[in-house]
Every structure is written in structure tokens, then in C-alpha cells.
Amino acid sequence: MARSFLRAGIAVLFTAALALSGNSSAAAQTNNPIISTATAGIIASMSHPEAPPAGVNNNDCKLTAAHPRPVILVNGTFANMKMEWGALGPILANNGYCVFSTALTSTPNSFIQTTQTLPTSANQIKALIDQLVTKYGPNTKVDLVGHSQGGLIALYTTKVLNSAPKVGTVVGIGATTHGTTLSGLTTVAAFIPGASEIMEAGCPACSDQLPDSTVVKAVSNGGITKPGVSYTMIGTRYDLAVTPTSSTFINESGVNNKWVQDACGGSLVEHIRMPYDNTTIRLVLNALSPSTAKNANCLLAWLPAVQQPS
């Protein structure tokens, strides 16, 4: 009996949260299915790790006045596209964004990805930027959204590889902006089957994320930001992978540094779950479209990822 009441209570909470946030499948422009949790993303990616999530890499997608820039999602260490972006990818696509990503590896069918040198991954992202500019026209800019190492890759691509003229917005989600420790990377590896073994055998990207690495210095020295690019860095106070947690932020003029807990004080989200966290997703949507920014619905902070309007 108690379990029945608990299930009923959760159902009521879920329905109320959706109603308050204006979420519904009818509100979405398309109905790409959402993978709702990080664990489900890991499991879903095991059989076809080279495959993007639903709605991502749709070559027929047309830019619109509401969303004039394609969005590139950049994977974190050990992650593949579906593992990382099973929620945010479809949510963006359902809201009318043209969303793209790529396998950051020389072997896209490998479950564990994004362990090659960070500059190698950054050059793959640069190539994707150039491909999209060619596809959509020479005046096109792209938005980059990266989780963990993906945030650092986005910063490296924009600054060091001189892609800033083609970038509108950079959004970091728990980004290793100023590097992190090996213990932090071990924390990430513990969540993903086989990642610890890969790290022990050799993970060039792990070395590239140490605070004193050549890559981190190249991004940090002389300032991280570039003129004409908007930057939003999203952090959680419960991040055990990026330490200290504030090192994800960019302390430069014009940067929007956002704690998840400032939007929803009760949030306990940690590093791995950030791309599947409704509050984090709200902050990403706001960064990509400031003119339609909305307050986070903090009831959703306790629920699996759901569709949210941009």
C-alpha cells in the first residue's frame, strides 16, 4: 500500500512539474525520443556506439530565424555521442535546433571514446565546424556545447585553432577549463564500464587535462575568451571530477558563470549526470537563446530528463 501511494505521489509530482514548465510532446516541433538518465545513455550506446542520439546529425535540418546557428555537441572523456547526449540532443532537435556531433576517435565503433590527444579531437571539431559553414553558408556561425573534456575542447578549438570567427556561443557543462587531477578523471572512469582499464593502459586526453599540461596552458595563457563569442560555463558544487569545482569557470569579463545550485538550490547533481539534469539543460537552453530564457523549474531537478521548451 505504501508503495502505491509513493508511486501515485511521484506521478502527481511529475505531472505538476511538466505543467508548470510548459513541457509536453505536443509542444515539441518533432518527437525524437529522449534518453532520460546517464545510466540509460551508457546502456543504449553499448550496441552501436558510433550512432548519434535521435535528432542529431540530421543533414536535412534547415536553420530558422529562431535558431539560426547549428549546435555542435562535444563529448567528454571516455564518452560517445549517445552516451553523452541522449537527452540534450533530442531536446534541442525537438525545439527546432539543427544539432550535430561526431565520434572523437579513430575507431567510431569503440564504446570508449574521446581518449585520444585533445588537439586531435579539437581538430575533428574544427573540421565539423568548417563542414557546417560550407553546408549552411559562409556567414554561418555555430554554437559549441561541451561536457567535461568537451568544454575544454570547445575552448581550445575556438581560441588555439582560430575558429572564433565561426563560433557564436560556447557553453561548458562541468568543463575541465583549467584542468583537473587524475583522481578527478578516475572518478569519471569509475562510472563507465572499461574506462578504468583504458585510463591505466594509456589515455592521452587524460594527460592533456592535467592543470599543468601544454593544452591547458595554451587555452589559459593570455586569456581564454575571444571577441565576438559568448561564453557560458555551468558548474555544480557537487562535482567530484572537476576539482576545485570553481575551476570550471572563466574569470574574464563578459563570461556567464552559472552554478546549477543558484538556479535550483536543492540540486545534488554531480559531474556525470549534468547532461541529463533538467536544471543544467534549462541553463544550456537559456545560453543558446538568451532572448527566450526561462527560470528553471526546480521540481524537475529531481526527475529524469524531459522535454523543455527553448
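Presented here is an overview of the structure given in this document. (Residues numbered from 1 in each chain as written. Predicted model: local features only at pLDDT ≥ 70, side-chain atom pairs only at ≥ 80, totals over all residues. Heavy atoms only, no water.)

### Here we look at the sheet that holds strand β1 (residues 71–74)
Either a parallel or an antiparallel arrangement is found when strands of a sheet pair, and the pairing is made through backbone hydrogen bonds. Note the following rule: Here, a strand pair is defined by DSSP locating no fewer than two bridges between the strands. Counting from the N terminus, the helices are DSSP H or I runs at least four residues long and the strands are E runs at least two residues long. Only C-alpha atoms enter the line fits that serve as axes; for helices the fit covers just the stretch in contact. Angles between N-to-C directions range over 0 to 180 degrees. A contact between two residues is defined here by any heavy atoms of the two lying within 4.5 Å.
Taken in spatial order, the six strands line up as β2-β1-β3-β4-β5-β6 in an open sheet, and their pairing is parallel. Each edge of the sheet is formed by a strand with only one pairing partner; in this case those strands are β2 (99–101) and β6 (256–259). Each adjacent strand pair in this sheet contributes to an overall mean axis angle of 20°, direction not counted. When β1 meets strand β3 (residues 142–147), the two strands line up parallel, connected through four bridges. Its bridge partner being in β3, Val-71 is matched across the sheet by Asp-143. Packing against the sheet, helix α6 (residues 149–159) makes contact with β1, β3, β4 (167–173) and β5 (230–235), and its axis sits at approximately 145° to β3.

### Considering the state of the cysteines
Simply put, disulfide is the name for a covalent bond between the sulfur atoms of two cysteines. Note the cut-off: Any two cysteine sulfur atoms within 2.5 Å of one another count as a disulfide. Note on classification: 1.4 Å probe, protein chains only; a residue is buried when its accessible area is under 20% of the maximum for its type, exposed when over 50%, partly exposed between these limits.
One pass over the full model with this rule turns up three disulfides. With its sulfur 2.2 Å from that of its partner, Cys-203 forms a disulfide with Cys-206. Sign of the S-S torsion, about 75° for the bond between Cys-203 and Cys-206, identifies this disulfide as right-handed. Classification of Cys-206 by relative accessible area gives buried; the value is 3%. One disulfide in the model links Cys-264 with Cys-298; its S-S distance is 2.1 Å. Disulfide Cys-264-Cys-298: the torsion about the S-S bond is -90°, which places it as left-handed. Taken together, the residues Cys-264 in the loop between α11 (260–263) and α12 (278–288) and Cys-298 in the segment after α12 connect sequence positions 34 residues apart. Given the relative accessible area of 2%, Cys-264 is considered buried. In the chain, the bonded cysteines, taken in the order they occur along the sequence, pair up as 1-2, 3-4, 5-6.

### Side note on α12
Counting buried positions over the eleven residues of α12 gives eleven, a clear majority of the element. Buried residues of α12: Asn-278, Thr-279, Thr-280, Ile-281, Arg-282, Leu-283, Val-284, Leu-285, Asn-286, Ala-287 and Leu-288, and no others.

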